[in-house]
Amino acid sequence: MNLESFLLMRSEIGLLAILLLLIIFEIFSNKKQKAAVIPFALILLAINTVLGFLPLESGELFGGMFRTNALLYFFKTTLSLGVLILLLQSADWLKEKVVDENKATEFFILIISSLLGTYFMISAGDFLMFYIGLELTTLPVAALVAYDTYKRISAEGAVKYILSSALASGAALFGISLLYATTGTIYFESMAEILASSNLAILGFIFFFSGLAFKISLAPFHFWTADVYEGAPINVASYLSVISKGAAVVILMILLFTVFKPLMPVWNKIIYIVIIATMFIGNLFAIRQQNLKRFLAYSSIAQAGFILLGLMSVDQLGTTTIVYFVAVYIFSNLGAFGVVQAVSSASDKENINDYEGLYRTNPKLSLLMMLALFSLAGIPPLAGFFGKFFLYTAAASQGYYILVFIAVVNATISLYYYLLVVRAMFLRQSDQAIPYFKSPFYMRLGLILAAIGILVAGVYSPIYDYIFSISNTFLN
Amino acid sequence: MDILSLFVIVPVLIVLALTFFAKDLKQARLISVVGMGIQFAMSINLIFAYLKERAVNTGIMVFTKDVVWYETFNIHYSIGVDAISVVMIALTSVVLLAGVFISWKIDDLPKEFFISLIALSSGVFGFFISTDLFTMFVFYEIAVIPMYLLIGIWGSGPKENSAMKLTLMLMGASAVLSVGILGIYFNSNADGGPLTFNIFEIAQVNIPEAAQNIFFPLTFIGFAVIGALFPFHTWSPSGHASAPTAVSMLHAGVLMKLGGYGVFRIAMYLLPVGALNWSDFFLVLSAFGVIYGAFGAVMQKDLKYVNAYASVSHL
Amino acid sequence: MDFSYTILIPLIPLALFVILGLFSKKIPASIAGWFGSFGLGTSFVLSLYTAYHYFLEGKLNGVYQTFIYKQTWLVFTDKLHIDLGVMIDPISVMMMVVVTTVSFMVHIYSRGYMHGDDGYTRFFAYLALFSFSMLGLVLATNLFQMYIFWELVGASSFLLIGYYYTKPSAVAAAKKAFIVTRFADLGFLIGILLISYYTGTFDFQELTNPEGMLITSWASYSFMGLSVFTWGLILIFMGGVGKSAMLPFHIWLPDAMEGPTPVSALIHAATMVVAGVYLVARLFPAYYFVEGGFALQIVAYVGAISSLVAALIAVTQTDIKRVLAFSTMSQIGYMMLALGVSKYEGHEGLGYMASMFHLFTHAMFKALLFLGAGSVIHAVHSNYMKDMGSLRKYMPITHITFLIAALSIAGFPGFAGFFSKDEILVAAFESNKLIYYSSVLVAGLTAFYMFRLYFGIFWGEDTKYKHTPHESPLTMTIPLIFLAFMSIFGGYIPFSQFVTADLTPFTAHLDLPLAAIASSVGIIGIIIAFIFYKKPNELPQKFANAFGVVYKFIYNKLYFDELYIFVTKKILFGIVAFSASWFDKNVVDSSMIGIGNVTVSVSNKIKGMQSGKLQDYAMSFVGGIVVIAMVVFYIWIN
């Protein structure tokens, strides 16, 4: 092992460096300088994201505990970009509400730690590394959910989150130990060779799966989602719904396609049922929501159901469509959450009713919100359409037409509630419409980046082609 | 730039021009009139160009062009026209020009009205020129969604409900259609060729009869809803009644024809055996629709309703 | 010979329509009138030129040739496709001349009649659209093209009847005409679909080829004792019944008189209403040869009954345009029955020739009558006979031309109507005595009501006019004079040399005894009218009183309207449409909405599952694992 091979961990090392710099900043800055942490952290993360576009070789470290390849590396960069957009969108909230309480640096440290956790989680080469990554992803977020300490609902959300995720982690750990019991190894590669379809292995898989399903908020492990999103600050909810969910989906895919491939006849059916349950439950609950955070929480549950469609095709096609959709979904959801954040910090309003007449006072924001929601609903020429259609293609390629049919029915249901928001913004007029406001610079930048992603990622096909070209790197 | 792609690009340019330059009603409609005028001139030009080209070109489609879009799926942006599509394009541009004139004095959010109307037109034009299933489907959905705003904002009566009903039914139909399209796509290699979305390549393939029987109704229903065939017509009467006049016109004149065009060009052309096996069922259904539409029209009071029912019974 | 230029004849009115329609606000009224007249004039000259060449040179071995110029439009199968094009044969050339002549005259006339009207340009645009549609119908090469133009004719006549759209009765009449004919067209459409489905073609030439396979071989598919082809023909005839205002679909015609009078002259005298006759004539070989002409017999009886009933009703009406409307209906009945009694070959095809002949002469004199009536209405501003009288003093030209037309329709020897009507009676006499007697009776009635009208308007008591009536301007009288000329001399055209069922000319002779009977009946009718109406007297009233109930029955048009209102309001609206509408709203629509409602209500029901209690969440988490494990182990694995 030499220094060069350490560079395989470049993304992780970059994040660690940012964390250290932030801590140093926190120690040496006086009270007046605290606000400067915002541009400082943003610039650092931006640099890290840009560096992520440099090519990197694949390889393994620590005897196979850590591994990386082009697909994982691409995905990490995407996550980094997502977090950058998210932080841009939260910069003003931080400046106004958090800096005074002297907690801004902590916020960055916690979020970047969690991001680091997702990196390790998806790069894991064995269950130990995976579990550490999972916990590192989860724990800082629990602190973040409670960031509005003065709000009761925020504290409640945090408690719910930490307790349920403890349960989920426990289940996952139990599952891992059962798997270890049947195979005697925790390394993915060797387990993939040994694992056979025994009852114990299946039971282990089920427990393990439930732990991850919790992170992705798949039915019936989704109950925490709405309460936690509602209690958490908007950007934290946004983080939960895009970054941590996206990372969990990708690691689930990797494990199912490699380690658990021998169990495929079993997990195939489980996933089949879970997809249907998740889509229906997410959609049916979303219809009723008035609070936009809860609304987006359920919408993101339903979206998770769609993502899993890609798992039905255990090949390059499935992999590509999942990674592509997650990337697209990150942009779309960040767009929607960004608008909610902008409106909330200008007027403290978070309900759909409050958005009535928004187009007439804030046309650009409403337009972006519409684009983001239509992208989530899967309407061309926005990126979400391509993402969804390719997921259908993946499932249909294996002949799961009935499943695709159920999915398209759900897509129509979801269109209904997305249209409810559009209706409020565009069709309705209101005397108490939220008055015009101009979002600050960072917010606008964050929103514009999301909008570009929504508009470009679909029509511009080389992005998909690129993912396809690298997505065979872990399938042997 | 080729003669056909302009039909998609010009509306997009007009939409951009409207977005960035139009300040008020006068400017918005000026830009729209000029834009739609150009569009109209283009379609006239297309007719002549088509007649000229037809004389020397004996292919099914003329002015064809093919650009690879998504290589891994073999999705192409491939376009071309035959006589039917030329007629439909000309018809659409006439109706659109008339629609702009009819909406001359629209006072609420004029700019947005014209943007939606013209965005819709790019979808319709794109639909008629596409010879690739996927591209066609994309344009189809682009044509549907602006309808929600057009009816919801500028409509009359119970416009919100009508708009919602219309959008959900049409998008639901297109969702069903997407399953049909995927089914066709994954059976397009039945003769050993590559998977393809290209309509004319698929037409050469003998898709297995079992698959045709399954996917024909899906495809048919997908288009039947926008064609407002019985019993999938219920969006149409309320949609027509609530829609602003220009939209109502566009609906009856163009959008509903889109369904018929789709049925012929996709469902019946690509799945002939399925069409034959299902023909009795759908014939009875449409015969019933003719009579049914006539009776429904007798009962309805609102003239726009009557028109809608009349168009239902016509299809 | 190349007749492909004939495509211009319908295209010129189309171009007129587009120009006048698009720029109706910009084009000043005076120019629009000239413009329209000039355009139609061009079409008129072109069709005369076509007729001249065709009838002179169109024969090959003594048989008229059919020229077809077409373009394939929609392809269903190799055989079944829809073409658009023009078909030149004797009847289409003849109809083309009729349509362009009358349309041209009406255009000129309207320049005076519609003078000062607000929508002057719009009116000419509609007229042009109508002319285009009618010519397209006439020139159609196949059933489907015919159907397209058939509907277009219906739509443009809807626009013209409802031209005075501020007048509720006009709008109601337009709607009535549209709905009634649309209903009849339903039969037409089903007929077309039926025939095309079984024969695999829309093409007229294939359908009507007497030696062809189609006509002889389609007796096998039978339904209720008749072959599918016969059913198709009957259904197609239903469309013709609607357009030609035959019983029982005639109720729209009297109401349609709400439109401007030139429109009535164009649509309800000469062109659209004879479309039904033309349709049957177009498919005549099929009607004649399929199953021994069963469908043709229906045509004959419908024509005869309509003709008699309409003539009876016409006797009692007081609105002069309505009298003319019923008279039209009666004369079209003549044409239908002539077709119905006709045979195919040579001299036996006399009825066919007579029908076309009468169509031609009728177009001339009936257009003249309408235009004359329009001139009168223009002068006295009323439609009712009681407001008129002694107008001969004020309007000499109108008077003379009207008299010529009346004599012609009454079948007075030497006038055009005499010749054509005589041929019809001969044909009826040779084939069906019952129909013959009824036709003779109709001839008498026709003469009577026509001269009742004539004497009532131009003689009788000098009503006290608010303004002194005066003769119409030149632009209105020139068409009258031209048409009067045609009403006299149109009868001397040797029609049997031109238009025959089997396309082979023959020579028709005047059958003197029958002609004598017919014209003497006509003259008796005129004399009775003279006695009754020359000078105001008590006779008509006495007569009416004497017949009492019968008179009232006829005066109220045999209560057909009431019957229809009963059937439509009570049965159709009340029971059928109401239940259809109920079904639509509550079953079809609800099932669509229902899907949505179920979704929402399920969403409501399951709301309780999200309790907000952490314990419940943990329960469901563990429960989820257990359920999945149970399903996997007990269902899938075993």
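These numbers were taken from a predicted model, which means no experiment stands behind them.

Here we take up the overall build of chain B. A count of helical and extended segments in chain B gives 13 helices and two strands. Burial status across chain B gives 63% buried among its 315 residues. In chain B, the share of contacts with a sequence separation of at least 24, taken over all contacts with a separation of at least 6, comes to 73%. Summing over all exposed atoms, chain B offers an accessible surface of approximately 11200 Å²; the carbon and sulfur share of this is 69%.

Attention now goes to the overall build of chain C. What chain C contains, in helices and strands, is 25 helices and six strands. With 638 residues in all, chain C has 59% of them scored as buried. Once local pairs closer than 6 in sequence are excluded, the contacts in chain C between residues at least 24 apart make up 79%. Accessible surface, chain C: about 25300 Å² in total, of which carbon and sulfur atoms supply 69%.

The interface of chain C with chain A comprises 23 residues on the first partner and 32 residues on the second. With both sides pooled, the region where chain C packs onto chain A buries about 2500 Å², and carbon together with sulfur makes up 80% of that total. Here chain C is connected to chain A by zero salt bridges. Joining chain C to chain A, the criterion identifies one residue pair in polar contact (both at pLDDT 80 or more). Only helix H24 (560-605) and helix H25 (614-637) of chain C provide two or more residues apiece to the side of chain C that touches chain A. Each residue belonging to the side of chain C that touches chain A can be placed in one class, and the counts come to 15 nonpolar, seven polar and one charged.

We now examine the pattern of salt bridges. Side chains that differ in sign of charge can pair as their charged atoms come close. A full pass over the atoms with the stated rule returns 15 salt bridges over all chains. The shortest N-O distance in the salt bridge between aspartate 319 of chain C and arginine 322 of chain C comes to 3.9 Å. Aspartate 319 of chain C gets classed as buried once you look at its relative accessible area, which sits at 7%. On the basis of relative accessible area, arginine 322 of chain C is assigned to the buried category, the value being 18%. Where salt bridges share partners, they join Arg152, Glu156, Lys160, Asp227, Glu230 and Arg294 of chain A into one cluster.

Before going further, it helps to spend a moment on a nonpolar patch on the surface. A cluster of nonpolar side chains, Leu20, Leu21, Ile23, Ile24, Ile27 and Phe28 of chain A, forms an exposed patch at the surface whose accessible area comes to about 610 Å². With respect to the helices and strands, isoleucine 23 of chain A occurs in helix H2 (residues 10-28).

It is worth spelling out the nonpolar core at this point. Within soluble globular proteins, side chains that are nonpolar tend to cluster in buried spots. All names here are of chain A. Counting 326 residues, the largest nonpolar core has Phe130 and Phe260 as its most contacted members. Ranked by the residues each element gives to this core, the list is headed by helix H18 (residues 401-427), at 19 residues. Once residues within four sequence positions are removed from consideration, phenylalanine 260 is found in contact with Phe127, Leu179, Leu195, Phe205, Phe208, Leu255 and Trp267.

Next up on the list: the environment of alanine 203 of chain B. Residue and element names in this part refer to chain B. Inspection of the secondary structure assignment puts alanine 203 in helix H8 (residues 199-204). Judged by relative accessible area, which is 26%, alanine 203 ranks as partly exposed. Separated by 15 residues in sequence, alanine 203 and serine 188 have C-alpha atoms that sit 8.8 Å apart. In contact with alanine 203, not counting residues within four places along its chain, are Tyr269 and Leu270.

The next subject is empty space enclosed by the protein. Taken as a whole, this structure holds 13 cavities of 30 Å³ or more when the rule is applied. Of the voids in this model, the largest cavity is the one considered here, and its volume is about 190 Å³. Taken together, 17 residues form the lining of the largest cavity, with Ala377, Gly378, Tyr392 and Ala411 of chain A together with Glu141 of chain B sitting closest to its centre. Mapped by element, the contributors of at least two residues to the lining of the largest cavity are helix H17 (383-397) and H18 of chain A together with helix H5 (133-144) and helix H7 (159-186) of chain B. Tallied by class, residues from the lining of the largest cavity come to eleven nonpolar, four polar and two charged.

This part takes up unusual backbone geometry. A cis geometry characterises the amide bond from alanine 219 of chain A onward to proline 220 of chain A, with omega recorded as 0°. When you line up the elements, proline 220 of chain A lands in the loop between helix H9 (199-216) and helix H10 (224-231). In this model, proline 380 of chain A is joined to proline 381 of chain A through a cis peptide bond whose omega is 0°. Mapping proline 381 of chain A onto the fold places it in the loop between helix H16 (363-377) and H17. At asparagine 74 of chain B, a residue that is not glycine, the phi angle is positive and equals roughly 60°. Take asparagine 74 of chain B: it is sitting in the loop between strand S1 (62-70) and strand S2 (75-81). Classification of asparagine 74 of chain B by relative accessible area gives partly exposed; the value is 21%. Positioned with a positive phi, leucine 109 of chain B is a non-glycine residue whose angle comes to about 45°.

Okay, the side chain of serine 11 of chain A next. Mapped onto the fold, serine 11 of chain A is located in helix H2. Contacts of serine 11 of chain A, omitting those with residues within four sequence positions, involve Asn48, Tyr73, Lys76 and Tyr119 of chain A.

This part takes up the confidence of the model for chain B. Mean pLDDT over chain B stands at 83; residues scoring 70 or higher make up 89%. This model gives residues 298-306 of chain B a pLDDT under 50, and the stretch forms 21 contacts once residues within four places in sequence are excluded.

Residue and element names in this part refer to chain B. Looking at chain direction, S1 and S2 are connected through six bridges and run antiparallel. Bridge assignment links tyrosine 70 to a residue of S2, and that residue is isoleucine 75. In this structure, the hairpin formed by S1 and S2 is closed by a connection of four residues, where asparagine 74 is found at a positive phi of approximately 60°.

The next thing to look at is the packing of helix H6 (residues 127-145) of chain A against helix H11 (residues 234-257) of chain A. All names here are of chain A. The geometry of H6 relative to H11 is characterised by a closest axis approach of 11 Å and an angle of 170° between their N-to-C directions. By the angle class used here, H6 and H11 are roughly antiparallel. Each of Phe127, Phe130, Thr137, Val141, Leu144 and Val145 in H6 lies in contact with H11, whose residues at this interface are Val236, Tyr239, Leu240, Ser244, Ile251 and Leu255. When grouped by side-chain class, the residues that make up the contact of H6 with H11 number ten nonpolar, two polar and no charged.

Inspection of the entire model under this criterion finds 90 aromatic pairs over all chains. Summarising the aromatic geometry, the rings of tryptophan 69 of chain B and phenylalanine 134 of chain B are spaced 5.9 Å apart at their centres and angled 65° between planes, so their arrangement reads as edge-to-face. Linking tryptophan 69 of chain B in strand S1 with phenylalanine 134 of chain B in helix H5, this pair joins segments that are 65 residues apart in sequence. With a centroid separation of 5.6 Å and 70° between ring planes, the pair formed by phenylalanine 451 of chain C and tyrosine 454 of chain C is classed as edge-to-face. Highlighted residues: phenylalanine 451 of chain C and tyrosine 454 of chain C, both in helix H19 (residues 433-458), separated by three residues, approximately one helical turn.

Moving on: the packing of H11 of chain A against helix H13 (residues 292-308) of chain A. In helix packing, the relevant descriptors are the interaxial angle and the interaxial distance, both defined with respect to the helix axes. Residues and elements named next belong to chain A. Where H11 meets H13, the closest approach of the two axes is 11 Å, and the angle between their N-to-C directions is 10°. As far as their axial angle goes, H13 and H11 are roughly parallel. Note on element contacts: H13 touches H11 through Lys293, Ser300, Ile301, Ala304, Ile307 and Leu308, opposite Ile234, Ser241, Lys245, Val249 and Leu252. Of the residues assigned to the contact of H11 with H13, the class counts are seven nonpolar, two polar and two charged.

Residue position: serine 164 of chain A is located in helix H7 (residues 152-183). Of the polar contacts made by the side chain of serine 164 of chain A, one reaches the backbone oxygen of lysine 160 of chain A; its length is 2.3 Å. If near-sequence neighbours (up to four positions away) are discounted, serine 164 of chain A is found in contact with Phe214 and Trp224 of chain A together with Leu614 of chain C.

A word on H13 of chain A. All names here are of chain A. With 17 residues, H13 extends 24 Å from end C-alpha to end C-alpha; this agrees with the ideal 24 Å at 1.5 Å per step. The buried fraction of H13 is high, at 17 of 17 residues. Capping of H13 at its N-terminal end is provided by asparagine 291; its side-chain oxygen lies 2.7 Å from the backbone amide nitrogen of lysine 293.

A word on the interface of chain A and chain B. With 41 residues of chain A at the contact, the number on the chain B side is 37 residues. Across the chain A to chain B interface the summed buried area is about 3300 Å²; carbon plus sulfur atoms make up 78%. If you sort the residues of chain A by the area they bury against chain B, Phe389, Tyr401 and Leu427 of chain A come out on top, with a joint share of 19%. At the surface where chain A touches chain B, the tally comes to three salt bridges. Between the two partners, chain A and chain B, sit six residue pairs in polar contact (both at pLDDT 80 or more). Elements supplying a minimum of two residues to the side of chain A that touches chain B: helix H14 (316-347), helix H15 (358-361), H16, H17, H18, helix H19 (441-459) and helix H20 (462-470) of chain A. Among the elements that line the side of chain A that touches chain B, the one with the most residues is H18 of chain A, at 13 residues. Tallied by class, the residues present in the side of chain A that touches chain B amount to 29 nonpolar, eight polar and four charged.

Criteria and thresholds
Residues numbered from 1 in each chain as written. Chains lettered and ligands numbered in written order. Predicted model: local features only at pLDDT ≥ 70, side-chain atom pairs only at ≥ 80, totals over all residues. Heavy atoms only, no water. Helix = DSSP H or I, 4+ residues; strand = E, 2+ residues; numbered from the N terminus. Buried < 20%, exposed > 50% of the residue type's maximum accessible area, 1.4 Å probe, protein only. Contact = heavy atoms within 4.5 Å. Areas by Shrake-Rupley, 256 points an atom, 1.4 Å probe, with all protein chains shown as cover. Buried area = accessible area lost by both parts, 1.4 Å probe. Salt bridge = Lys/Arg side-chain N within 4 Å of Asp/Glu carboxyl O. Polar contact = N/O pair within 3.5 Å; in protein donor to acceptor, adjacent residues only side chain to side chain. Nonpolar A, V, L, I, M, F, W, Y, C, P; charged D, E, K, R; others polar. Patch = residues over 30% accessible without salt bridge, like charges linked within 9 Å, V, L, I, M, F, W, Y side chains within 5 Å. Core = buried A, V, L, I, M, F, W, Y, C linked by side-chain atoms within 4.5 Å. 1 Å grid on protein atoms, 1.4 Å probe; cavity = no way out; pocket = protein on both sides within 12 Å on 5 of 7 lines; lining within 4 Å. Points joined across faces, edges and corners; volume = space filled by probe spheres on them. pLDDT = per-residue confidence, 0-100. Pairing = 2+ DSSP bridges. Axes fitted to C-alpha atoms, helices over the stretch in contact; angles between N-to-C directions. Parallel < 35°, antiparallel > 145°, perpendicular 65-115°, else oblique. Phe/Tyr/Trp six-rings, centres within 6.5 Å; stacked < 30°, edge-to-face > 60°. Expected span 1.5 Å × (residues − 1).

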